[in-house]
Amino acid sequence: MKNKKIWLIVLLMSFSTFTFAQRFAYVDSESILQRIPEYTAALKQLDDLSSKWQKEVDAQYEEIEEMYQAYQEDQANMNEQMRRRREDMIVNKEREAKELQRTRFGFEGDLFKERERLLKPIETRVEKAVQAIAEKEGLDIILDKGTETFLYSNPKLDRSEAVIKELGY
């Protein structure tokens, strides 16, 4: 039991010495990305595409609403078979609209795939630039200020400008 305590103390002491010897820096990835023209252009393209697809979905829901209003007005003059047929048409149209919405905006839908296609290569370039800066400057850890996990950060540690220069901007 005594040996375990001694090993624990030695381990804790060596760990604390190791952590103090590390060199830290941080970057603000959001500000870096906002200064890359391809990134802002890709975001604009995604916003435009999202708006276009949302209009398509909205148009289908408006058509469903019109179909339902017409059904409500004509319902008194229809027999049971006609009512069921019109109700089925409305329900099917609603399914189509929901499927379109899911296909465009759902998890791993068209917008997600397009975002991956447009933004992932840029984000990968930034990650490689950060890694290159860390290797050049002998840094052990670079934190991302954009994650908002900082209570305080010394501006002398900010390497965002170095990453921008590494990317050629």
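Predicted, not measured: the structure shown is a model, and the values here were computed from it.

Enquirer: Explanation requested: the packing of aromatic side chains in the structure shown.
Expert: For any two aromatic rings, the description comes down to two numbers: the centre-to-centre distance and the angle of the planes. Summed over all chains, the structure comprises 2 aromatic pairs. When the centroid spacing of 6.4 Å and the interplanar angle of 35° are considered together, the rings of Tyr68 and Tyr71 count as tilted. Here the residue Tyr68 and the residue Tyr71 both occupy positions in helix H3 (residues 37–74), the gap between them amounting to 3 residues, near one helical turn. Each ring, one from Phe107 and one from Phe112, has its centre 6.1 Å from the other, and the planes form 35°; the classification is tilted.

Enquirer: Teacher, can you tell me more about the packing of H3 against helix H4 (residues 80–105) here?
Expert: Angle between the axes and distance between the axes: these two values describe a pair of packed helices. Contact geometry of H3 with H4 gives a least axis separation of 10 Å together with a crossing angle of 170°. Judged by the angle between their axes, H3 and H4 are roughly antiparallel. Between H3 and H4 the crossing geometry is left-handed.

Enquirer: What's the story with the packing of helix H5 (residues 110–137) against helix H6 (residues 160–167) in this structure? I'm lost.
Expert: The interhelical angle for the contact between H5 and H6, taken along N-to-C directions, is 115°, at an axis separation of 9 Å. For the element pair H5 / H6, the angle class is roughly perpendicular. Judged by the sense of rotation from one axis to the other, the crossing of H5 with H6 is right-handed. The segment H5 lies against H6, with Arg125, Val126, Ala129, Val130, Ala132, Ile133, Lys136 and Glu137 engaging Ala162, Val163, Glu166 and Leu167. Grouping the constituent residues of the contact of H5 with H6 by class yields 8 nonpolar, no polar and 4 charged.

Scoring rules and cut-offs
Residues numbered from 1 in each chain as written. Predicted model: local features only at pLDDT ≥ 70, side-chain atom pairs only at ≥ 80, totals over all residues. Heavy atoms only, no water. Phe/Tyr/Trp six-rings, centres within 6.5 Å; stacked < 30°, edge-to-face > 60°. Helix = DSSP H or I, 4+ residues; strand = E, 2+ residues; numbered from the N terminus. Axes fitted to C-alpha atoms, helices over the stretch in contact; angles between N-to-C directions. Parallel < 35°, antiparallel > 145°, perpendicular 65-115°, else oblique. Left-handed = near helix turned anticlockwise from the far one by under 90°. Contact = heavy atoms within 4.5 Å. Nonpolar A, V, L, I, M, F, W, Y, C, P; charged D, E, K, R; others polar.

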